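An overview of the molecular structure
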Amino acid sequence: MSHILVTGGAGFIGANFVLDWLAQAGADSVVNVDKLTYAGNLKTLATLEGDARHIFSRTDICDRDGLDTLLRRYQPRAVLHFAAESHVDRSIHGPADFIETNIVGTFTLLEAVRAYYAGLDETARAGFRFLHVSTDEVFGSLDPDDAQFSETTRYAPNSPYSASKAASDHLVRAYHHTYGLPVLTTNCSNNYGPYHFPEKLIPLMITNALTGKPLPVYGDGLNVRDWLYVRDHCSAIREVLLQGTPGETYNVGGWNEKTNLEVVHTVCDLLDALKPKAQGSYRDQIAFVKDRPGHDRRYAIDARRLERELGWKPVETFESGMRKTVQWYLDNQVWVQDVLSGDYREWVAKHYAV
Ligand code: NAD
Ligand code: TYD
């Protein structure tokens, strides 16, 4: 049986990827390596219980021995690296975990994979890939009239999160140039969809709206993000793994630039239609709050390379993806409540108290 090894497969995008991957006929088994931080949630993977194709290991990517053991035991044909600390606001309050996981963790994983790759026979080496999942935030902030980020845009990270991801991208690149490791890097825009932890904009707004809390919009609400439905990101990663050229990077985006206020209005309008309040609109709960320090104004991805070279295009529009997402949160309140009863509540209390 062939395997792929996925890091961070209990988080938002990683878990969606694992679920989508195993839903395909003839898919390789998945060795899912996750430390289970506050963002890791095995309940997301509940439908895989008893499925021998999903092997979960609670392992930190900073644990070299643990990684060596897993690589030796399962001999994966590819490593897909999703594990990271991923929330910008948390990185502002406490950057140390971001340096540890995103930089030291990626370095430790690269070292383990380099040793594993060196021991493979020629055929296995020819087919092996290390795919690094990264973000568009490494490119910094765009002005309203600037061209979208392309694969050649200069790196200019502005938050401890994006700086730590930029560092990890550079390490991955260096392992290709120096050691010949067959790496692929994807830089994706903001994702949304099922199983998104409710500290991020869209799930936070849905959750707060339904519980009658304020909808905290930072600053003037006119910062722009380029939104991609998570399953479209997963299909892009599969395509890059299959057809990407080692050493190359691919930008992944949804062609959906929206201001935060437009996003929040969309959430409110969908909830007004799908679960109306007794009185008034969910928009009445919108509250403008203090801006995030160093808040990047605009992100936007030029995803033409992926379309031109690998034939990938997103399936969902912003409208169809948002409708699916809001409906998913309405239908999966048990998952949401389970998350809300954990560490999340403490974090929100601390964060929004200021
Ligand atoms: P997430 O925070 O939801 O999940 C991260 C997962 O990594 C969690 O399951 C967590 O337990 C695990 N993890 C954290 N530290 C670990 C460690 N030291 N060892 C092992 N596992 C560890 O993040 P996400 O939104 O699913 O993002 C996944 C990847 O995609 C990240 O690399 C992120 O930078 C990138 N990305 C995210 C977005 C987005 O919009 N969410 C967009 C582009 C790129
Ligand atoms: P977020 O989901 O944290 O993603 P990122 O910072 O990685 O883009 O935030 C998306 C946008 O929404 C960002 O411009 C910050 C803004 N935002 C709010 O206005 N209020 C909130 O409560 C949160 C979490 C984010």
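The structure we're discussing is the one just above.
Note that the structure is a prediction, hence the values are computed from the model and not measured. (Residues numbered from 1 in each chain as written. Chains lettered and ligands numbered in written order. Predicted model: local features only at pLDDT ≥ 70, side-chain atom pairs only at ≥ 80, totals over all residues. Heavy atoms only, no water.)

1. Considering the sheet that holds strand β11 (residues 249–252)
We count it as follows: Strand pairing is assigned whenever DSSP identifies at least 2 bridges connecting the two strands. Only DSSP runs of H or I covering at least 4 residues are called helices, and only runs of E covering at least 2 are called strands; the numbering of each starts at the N terminus. The axes are straight lines fitted to the C-alpha atoms, using for helices just the contacting stretch, and the angles between their N-to-C directions are given from 0 to 180°. A contact between two residues is defined here by any heavy atoms of the two lying within 4.5 Å.
Pairing within the open sheet is parallel, and its 7 strands lie in the order β3-β2-β1-β4-β5-β6-β11. With one partner strand each, in any of the chains shown, β3 (54–58) and β11 form the two edges of the open sheet. The sheet shows a mean angle of 20 degrees between the axes of neighbouring strands, direction not considered. Summarising the sheet, strand β1 (residues 3–7) and strand β2 (residues 29–34) pair through 5 bridges and their orientation is parallel. Each bridged residue has a counterpart across the sheet, and for Thr7 the counterpart in β2 is Val33. Sheet contacts for helix α2 (residues 64–74): β1, β2, β3 and β4 (78–81); angle to β2, the most-contacted strand, approximately 175 degrees. The sheet contacts of helix α8 (residues 230–243) involve β4, β5 (129–135), β6 (183–188) and β11, and relative to β5 the element is tilted by about 145 degrees.

2. Regarding the site of ligand 1
Applicable threshold: Nearness is judged by heavy atoms alone; a residue qualifies as near a molecule or strand once a single heavy atom is within 4 Å of it. Distance and chemistry together define a polar contact, namely a pair of N or O atoms within 3.5 Å, with one atom able to donate a hydrogen and the other to accept it when in protein, and with adjacent residues in sequence counting only for side-chain atoms on both sides. Using the Shrake-Rupley algorithm and a 1.4 Å probe, accessible areas are obtained, with residue cover drawn only from the displayed protein chains. Residues are sorted three ways: Asp, Glu, Lys and Arg are charged, Ala, Val, Leu, Ile, Met, Phe, Trp, Tyr, Cys and Pro are nonpolar, and all the rest, Gly among them, are polar.
Every one of the 28 residues lining ligand 1 counts as a neighbour, but Ile13, Asp34, Ser86, Tyr161 and Lys165 are closest to it. Contacts to ligand 1 include Ile13, whose backbone N or O atom sits 2.7 Å from an oxygen atom. Lys165 is positioned with one of its side-chain polar atoms (N or O) 2.6 Å from an oxygen atom of ligand 1. About the coverage of ligand 1: the protein hides 97% of its 840 Å² of free accessible area. Elements supplying a minimum of two residues to the shell around ligand 1: α1 (12–22), β5 and α6 (160–179). Among the elements that make up the shell around ligand 1, the one with the highest residue count is β5 (3 residues). A class-by-class count of the residues in the shell around ligand 1 yields 12 nonpolar, 12 polar and 4 charged.

3. Some remarks on α1
Applicable threshold: Buried means the residue's accessible area, taken with a 1.4 Å probe over protein chains only, is under 20% of the maximum for its type, while exposed means over 50%, and partly exposed covers the values in between.
Taking burial as the measure, the 11 residues of α1 include 11 buried ones, the bulk of the element. Every buried residue belonging to α1 is among Phe12, Ile13, Gly14, Ala15, Asn16, Phe17, Val18, Leu19, Asp20, Trp21 and Leu22, and all of these are buried. Residues of α1 that are buried in the fold lie against β1, β2, β3, β4, β7 (191–192) and α8.

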